[in-house]
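Coordinate analysis (summary)
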Amino acid sequence: MSDPQTPHRRRSEIWFNDLSRLDETAIYLERYGNFGLTRKELQAGRPVIGIAQTGSDLTPCNRIHVELAKRVHDGIRDAGGICFEFPVHPLQESCRRPTAALDRNLAYLGLVEILCGYPLDGVVLMTACDKTTPALLMAAATVNIPAIVLSGGPMIDGYFKGKLAGSGMALWEARRMFQAGEIDMPELMEIVFASAPSAGHCNTMGTALSMNSLAESLGMSLPGCAAIPAPYGERGAMAYATGLRAVEIVNEDLTPSKILTREAFENSIYACSAIGGSTNCPPHINAIARHIGVELTVKEWETIGHEVPLLANIQPAGEFLGEAYHRAGGIPAVIGELIRAGKFNAGVMTINGKTMGENHATTVSSNLDVIRPYTNPVRPNAGFLVVSGNLFDSALVKSSVISDDFRKRFLSTPGSEECFTARVIVFEGPEDYHQRINDPSLEIDETCLLVVRGVGPIAYPGAAEVVNMTPPDYLLKRGIRMLPCMGDGRQSGTSDSPSILNASPESAAGGNLALIETGDRVKVDLKNRRVDLLISDEELVARRAKYVAPELKNDSPWQELYRLNVGQLETGACLDFAVKYRDLGKVVPRHSH
């Protein structure tokens, strides 16, 4: 047991070994003996490591962690630590209504309170499905105790009739085929189920695989962690290694603030462009940066990342899926290419105690069809475009998914390349879109721009993934698979739709998307990064004067609290009051009895 005359070596000892307040220490120790932990263990000064468990029956993409946690336990115990596994608020992307994004900040708040209020010296962050990764990293940034990410991994590759069927992307295409009358409902369901063949999160480069890859590019997980498919034995081995390392980072006092530096966030932008990452990455990464205290603007996603080429040939921007990505080398192979091209900060510290350069300077792809060399990419200039104009201050365009067909129809007019003007069709949320998209009176043709509003963080609430709208059935039957879309919400990272999205401020926060009307014309000028409603300033002022904001109805207490405090997508859609809280792991909480 620790000497009462010496300072506590561990944060957990403030609970379990405060010999100056034996009356309180007795309370904290008492109940942990009822499942077999001994006083000797708890008072030995051994690191106490939390396991933030995101897997459950409600979160199938993370359910692999229910088993993986056992291997994390093994690693922690073998390294001399003590484990406390606990649940995190469930975040299931495809089933939580109105949207899982609503609960990212709720899970963040819950984990902050756990890490602050319980005797934990460090934590293993068990991430996988989209919002679990940023929620857990945001909390670790706020509390700033030693933390390490263990990704859950993608599903194995899915196939339908002998062809790759990527999760998410296969769904969007199957829905288009169904609406065009090419398949029936049973075949739609067959395709969807074929695209999700095993435990794990999306096997496309959707938000889940993107964000876990970026967690590794930030330095917060062990090299090679992000892309190992969930069912692989390597995933269990990685869980064990993560448990071992969790104890070591406590001994080394390697906290998130020593890893999540400005240079690390720049690396995440470089990596996102190179893998064709999701448009949901900027709000999530910007949120993590705000909580750790690093200045990062949405515009920097273009200035830093736009000229980085696409190296990972993974759906939706490429051909392959997660298994091939892992076998070709995963994010370490991408980082190696970026380091050698001078597009990565090699000196950044990582969670294994080595720099990015020490880990990856010589790492190469084992399959040049899947992860390309920097000199022979899938396509150049793959980063996001950040556009603005008289409708919003910022919005994102994912350039890596602009298809040849889309470019030919909208961005190749001689003398006006990268520019088009379109008549807009405006929808008041996804319900209005689904009800009216096939209304012939709208006269939607292959030159129109579809707009959806009222779907941002405040209005929806949470910001819905609904901007990737499908054309009306009669256009799909003519082979028009996509129209340009625009909105103040988000879209799935698995979507291959080249939309203008994450528009900030949203219509409910005073953005001019609230003023646009069906039949208006909008000019989209990607070359000059402008999107403008083609009416006079005077007309805009007149429309604003007549505008009556729709009433927002809260369906739960959390929705009301969220709406009152959430910021915009361009700044991470954080709870704005929360970003001032830092280094909470240093705070000694008051006694409970």
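Figured I'd write up the structure that's included with this text. Because the structure is predicted, anything quoted here is derived from the model rather than measured. (Residues numbered from 1 in each chain as written. Predicted model: local features only at pLDDT ≥ 70, side-chain atom pairs only at ≥ 80, totals over all residues. Heavy atoms only, no water.)

**A few points about empty space enclosed by the protein**
Our working definition: Definitions used throughout: a 1 Å grid over protein atoms alone; a cavity as a set of points that fits a 1.4 Å probe which cannot get out; a pocket as an open set with protein on both sides within 12 Å along at least five of seven lines; a lining residue as one with an atom within 4 Å of a point. Grid points are joined across faces, edges and corners, and a volume is the space filled by probe spheres set on the points. Runs of E in the DSSP output that reach at least two residues are strands. Runs of H or I that reach at least four are helices, and both are numbered from the N terminus. Each residue gets one of three labels, nonpolar for Ala, Val, Leu, Ile, Met, Phe, Trp, Tyr, Cys and Pro, charged for Asp, Glu, Lys and Arg, and polar for the others, Gly among them.
Tallied over the entire structure, the rule returns five cavities of 30 Å³ or more. The calculated volume of the largest cavity comes to roughly 90 Å³. Lining the largest cavity are 13 residues, with A101, R104, H284, G462 and A573 positioned closest to its centre. Elements supplying a minimum of two residues to the lining of the largest cavity: helix 5 (101-117) and helix 12 (281-292). Of the residues forming the lining of the largest cavity, the biggest block, three residues, is contributed by helix 5. For the lining of the largest cavity, a count of residues per class yields six nonpolar, four polar and three charged. Taken as a whole, the second largest cavity spans an internal volume of roughly 70 Å³. If you go around the second largest cavity, the residues you meet are V397, I402, F406, L411, F420, P484, P498, I500 and L526.

**Overview of the pairing of strand 14 (residues 530-533)**
Successive side chains on a regular strand alternate, one facing one side of the sheet and the next facing the other. Selection criterion: For two strands to count as paired, DSSP must find a minimum of two bridges between them.
Here strand 13 (residues 521-525) pairs with strand 14 via four bridges, running antiparallel. Its bridge partner being in strand 14, V524 is matched across the sheet by V531. Linking strand 13 back to strand 14 in an antiparallel pair, the connection comprises four residues, with R529 at a positive phi of about 60°.

**Description of the packing of aromatic side chains**
Using the following cut-off: Pairs were defined over the aromatic rings of Phe, Tyr and Trp, the Trp ring being its six-membered one, requiring ring centres within 6.5 Å. Orientation was assigned from the angle between planes: stacked under 30 degrees, edge-to-face over 60, tilted for the rest.
What the rule picks out here adds up to eight aromatic pairs. Geometrically, the ring pair formed by F16 and Y32 is edge-to-face, given 5.7 Å between the ring centres and 80° between the ring planes. Here F16 is found in helix 1 (residues 13-16), whereas its partner Y32 is found in the loop between helix 2 (22-30) and helix 3 (39-42), with 16 residues between them in sequence. In this structure an aromatic cluster arises from ring pairing among F16, Y32, F35 and F84.

**Here's the deal with the packing of helix 4 (residues 65-78) against helix 10 (residues 233-252)**
Inclusion rule: All axes are obtained by fitting lines to C-alpha atoms, using only the stretch in contact for helices, and the reported angles, taken between N-to-C directions, cover 0 to 180 degrees. Rotating anticlockwise by less than a right angle from the far helix to the near helix defines a left-handed crossing, while the corresponding clockwise rotation defines a right-handed one. We call two residues in contact whenever any of their non-hydrogen atoms come within 4.5 Å of each other.
At a minimum axis distance of 7 Å, the contact between helix 4 and helix 10 shows a crossing angle of 40°. Relative to helix 10, helix 4 is oriented so that their crossing is right-handed. The segment helix 4 lies against helix 10, with L68, R71, V72, D74, G75, I76 and D78 engaging R235, G236, A239, Y240, G243, L244 and V247. Residue composition of the contact of helix 4 with helix 10, by class: seven nonpolar, three polar and four charged.

**Structural notes on the pattern of salt bridges**
The test is simple: A carboxyl oxygen of Asp or Glu within 4 Å of a side-chain nitrogen of Lys or Arg is what we treat as a salt bridge. To sort residues, take the accessible area from a 1.4 Å probe on protein chains only and compare it with the maximum for the residue type: under 20% means buried, over 50% means exposed, and anything in between is partly exposed.
Using the criterion set out here, one finds 37 salt bridges in the structure. Here D23 ties to R21 by a salt bridge, and the two come within 3.0 Å at their closest N and O atoms. Here D23 falls in the partly exposed class, since its relative accessible area comes to 46%. What makes R21 partly exposed here is its relative accessible area of 32%. Linking E428 and R453 is a salt bridge whose minimum nitrogen-to-oxygen distance equals 2.5 Å. In this pair, E428 is assigned in the loop between strand 9 (419-427) and helix 18 (430-436) and R453 in the loop between strand 10 (449-452) and helix 19 (473-476), connecting sequence segments 25 residues apart. For E428, a relative accessible area of 48% translates into the label partly exposed. For R453, a relative accessible area of 11% corresponds to the buried category. A cluster of three or more residues bridged by salt bridges with shared partners is formed by E93, D130, K131, E465 and R490.

These figures come from the coordinates and say nothing about function on their own.
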